[in-house]
There are 2 protein chains.
Amino acid sequence: MARKPTATKRSPRLDSAAWIEAALEALADGGLEAVRVEPLAKALAVTKGSFYWHFADRRALIDAMLTSWSDGRIAAIRQQSGGAGTPDMRLRHLAELYTRHANMRGLAIELSIRALARSDARAADAVRAVDSERLKQVAQLFGALGWTASDAQARAVLFYSYLFGESLLDAKAVTVRARETAIRALLAPP
Amino acid sequence: MARKPTATKRSPRLDSAAWIEAALEALADGGLEAVRVEPLAKALAVTKGSFYWHFADRRALIDAMLTSWSDGRIAAIRQQSGGAGTPDMRLRHLAELYTRHANMRGLAIELSIRALARSDARAADAVRAVDSERLKQVAQLFGALGWTASDAQARAVLFYSYLFGESLLDAKAVTVRARETAIRALLAPP
DNA sequence: ACCTGAACACCGTTCAAGT
DNA sequence: ACCTGAACACCGTTCAAGT
């Protein structure tokens, strides 16, 4: 693939993607309240005035962040649920991705966005798009395990409800035993 | 019970409880970001300066809100999980409380607090206290259904994980059928 | 005991001017 | 094409003064 001529950095100047990345970082660290123009500008070592070259206002940054998150999650789930292995193995792999500590940043972002979605229509749209794709992919895997379409859909909801719910509880309350009980019940054959 | 002499309002002046109630209302409607001194003062029809008679700063209000929420939830769970009926009936009743639309406000508040708990130690404490009491009460009910202490604890985690998780998903994705599948599996006898 | 009103700092937003 | 710097508005915070 040919390298674009602009791929080599000609200056330390930013593009909008850099602001979105910094915004997601702030969201993970301190919630929506931490996604603020001046602190982000400070982190990126520019004046806050330069922010308004890339975005109309703070709200536009939040919307861009939501789109970026939504697109990224949808691409990820397609990649994660495909690939090699039996449906059972793939579901176990997905369950691990959602409960591992390595994914703390992702879960923090997701939780903040889902909290925002309760009062914000655009966030609700982003969540709906991501959920729809996730449930579709996971329902397919349950279908491959032998469940009817309707049962597979119900199991997919159960699967994600449990994984998200677990991430909401105090981490110490969730023992390895509890998780094993859950995963075994979730993946029990028809 | 004797009525306290101060129970009759002598003036339209506020106490800290009124600020906390307004703060919880704002939290439910617009998340933590909406819990701000000046808008709250406007809603309560006082100047923002008066806020600082009741609280040291915005953070103190948030802390008071967390304590109020935590105390209220712990009192509620004790009341809800006690009472008449078989353990099975009580668990079904609890499950309904967490999935009914009438509880939207409570769920919105809970979600915002759990999102905050990811980056805030005091919010994490409040969540821990509430979870601990909820899991304890629900584990007792599962114990009464015949599960061992360890299984009952695991089931309690499963129970709340599912209910919280469901509240995170897009409401339309959760069919009556999916919920019935879940509840039946959760409450299956040993 | 609770509130007002004025003051100040911080951050969102605008915009003319720079490179 | 992207950024600075100054300006202004909004809101958190302080505090002397009112009732």
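Computed from a predicted model, the values in this text were never measured in an experiment.

Help me understand the overall build of chain A in this model?
When you go through chain A residue by residue, the secondary structure sums to 9 helices and 0 strands. Counted from the first residue to the last, chain A has its helices and strands arranged as α-α-α-α-α-α-α-α-α. If one aligns the C-alpha atoms of chain A with their principal axes, the spans along those axes are about 60 × 45 × 30 Å. A buried classification covers 46% of the 190 residues belonging to chain A. Put simply, of all contacts in chain A between residues at least 6 apart along the chain, 64% involve residues at least 24 apart. Split by element, the accessible area of chain A, about 9900 Å² in all, is 55% carbon and sulfur.

Could you clarify how one ought to interpret the packing of aromatic side chains in this entry?
Given two aromatic rings, one states the distance between the centres and the angle between the planes to describe the pair. Residue and element names in this part refer to chain A. Applying the stated criterion across every chain, the model contains 16 aromatic pairs over all chains. Ring geometry for Phe51 against Phe55: centres 5.3 Å apart, planes inclined by 25°, an arrangement best described as stacked. Just as Phe51 is buried, Phe55 falls in that class too. With a centroid separation of 5.5 Å and an interplanar angle of 90°, the aromatic rings of Phe159 and Tyr160 are classed as edge-to-face. The residues Phe159 and Tyr160 share a single accessibility class, namely buried. Here the aromatic residues Tyr98, Phe142, Phe159, Tyr160 and Phe164 are joined through ring pairs into a cluster of three or more. When the ring centre of Phe164 is taken as origin, the NZ or CZ atom of Arg114, which lies over that ring, is 4.4 Å away.

Quick question: what am I supposed to make of the interface of chain A and chain B here?
Interfaces are frequently sized by the accessible area removed from exposure as the parts join. Chain A puts 39 residues into the contact, and the matching count from chain B is 39 residues. In this assembly, chain A and chain B are joined by 4 salt bridges. A salt bridge links Arg58 of chain A to Glu33 of chain B, with the shortest nitrogen-to-oxygen separation between them at 2.1 Å. Taken together, chain A and chain B are joined by 10 residue pairs in polar contact (both at pLDDT 80 or more). Mapped onto the side of chain A that touches chain B, the elements with two or more residues apiece are α1 (16–30), α6 (104–117), α7 (121–144), α8 (149–168) and α9 (176–187) of chain A. For the side of chain A that touches chain B, the per-class residue count stands at 20 nonpolar, 8 polar and 11 charged.

I keep staring at the protein's contact with DNA strand D and nothing clicks. Help me out?
Close to DNA strand D lie 18 residues; Leu14, Thr47 and His54 of chain A together with Arg36 and Glu38 of chain B are nearest. By atom count, sugar and phosphate contribute 61% of the portion of DNA strand D lying within 4 Å of the protein. In this structure, a phosphate oxygen belonging to DNA strand D sits 2.6 Å away from a main-chain N or O atom of Glu38 of chain B. At 2.8 Å, a backbone N or O of Arg58 of chain B approaches a phosphate oxygen of DNA strand D. For the surface near DNA strand D, the elements supplying multiple residues, two or more each, are α3 (48–54) of chain A together with α2 (37–44) and α3 (48–54) of chain B. Broken down by element, the residue count for the surface near DNA strand D peaks at 4 residues, all from α3 of chain A. Residue classes in the surface near DNA strand D are distributed as 6 nonpolar, 5 polar and 7 charged.

It is not clear to me how the relation of the copies chain A and chain B should be interpreted in this structure. Could you clarify?
Each of the two copies of the chain can be brought onto the other by a rotation about an axis and a shift along it. Placing chain A over chain B gives an RMSD of 0.0 Å and needs a rotation angle of 180°, together with 0.0 Å of translation along the axis. Both copies are brought into coincidence by an operation consistent with a two-fold rotation axis. Closest approach to the rotation axis among the C-alpha atoms of chain A is made by Gly165 of chain A, whose C-alpha sits 1.9 Å away.

What is the right way to look at the pattern of salt bridges in this model?
Two side chains of opposite charge can pair, provided their charged atoms sit close to one another. Residues and elements named next belong to chain A. Evaluation of the coordinates by the stated rule reveals 30 salt bridges over all chains. Ionic pairing is found between Arg105 and Glu21, a salt bridge with its closest N-O pair at 3.3 Å. One end of the pair, Arg105, is in helix α6; the other, Glu21, is in helix α1, with 84 residues separating them in the sequence. Given the relative accessible area of 39%, Glu21 is considered partly exposed. Counted as one network, the salt bridges with shared partners bring together Arg59, Asp63, Asp120 and Arg122.

What is the right way to read the protein's contact with DNA strand C from this model?
With respect to spatial proximity, 18 residues lie near DNA strand C, and among them Arg36 and Glu38 of chain A together with Leu14, Thr47 and His54 of chain B are the closest. When the atoms of DNA strand C within 4 Å of the protein are grouped by moiety, sugar and phosphate amount to 60% of the total. The backbone of Leu14 of chain B places a nitrogen or oxygen atom 2.7 Å from a phosphate oxygen of DNA strand C. Contacts to DNA strand C include Thr47 of chain B, whose backbone N or O atom sits 2.7 Å from a phosphate oxygen. Of all the secondary structure elements, the ones that give two or more residues to the surface near DNA strand C are α2 (37–44) and α3 of chain A together with α3 of chain B. Broken down by element, the residue count for the surface near DNA strand C peaks at 4 residues, all from α3 of chain B. A breakdown of the residues in the surface near DNA strand C according to their chemical character gives 6 nonpolar, 5 polar and 7 charged.

Thresholds, definitions, all that
Residues numbered from 1 in each chain as written. Chains lettered and ligands numbered in written order. Predicted model: local features only at pLDDT ≥ 70, side-chain atom pairs only at ≥ 80, totals over all residues. Heavy atoms only, no water. Helix = DSSP H or I, 4+ residues; strand = E, 2+ residues; numbered from the N terminus. Buried < 20%, exposed > 50% of the residue type's maximum accessible area, 1.4 Å probe, protein only. Contact = heavy atoms within 4.5 Å. Areas by Shrake-Rupley, 256 points an atom, 1.4 Å probe, with all protein chains shown as cover. Phe/Tyr/Trp six-rings, centres within 6.5 Å; stacked < 30°, edge-to-face > 60°. Lys NZ or Arg CZ within 6 Å of the ring centre and 35° of its normal. Salt bridge = Lys/Arg side-chain N within 4 Å of Asp/Glu carboxyl O. Polar contact = N/O pair within 3.5 Å; in protein donor to acceptor, adjacent residues only side chain to side chain. Nonpolar A, V, L, I, M, F, W, Y, C, P; charged D, E, K, R; others polar. Near = heavy atom within 4 Å. Least-squares fit on C-alpha atoms with pLDDT ≥ 70 in both.

Any functional reading would require information that these geometric values do not contain.
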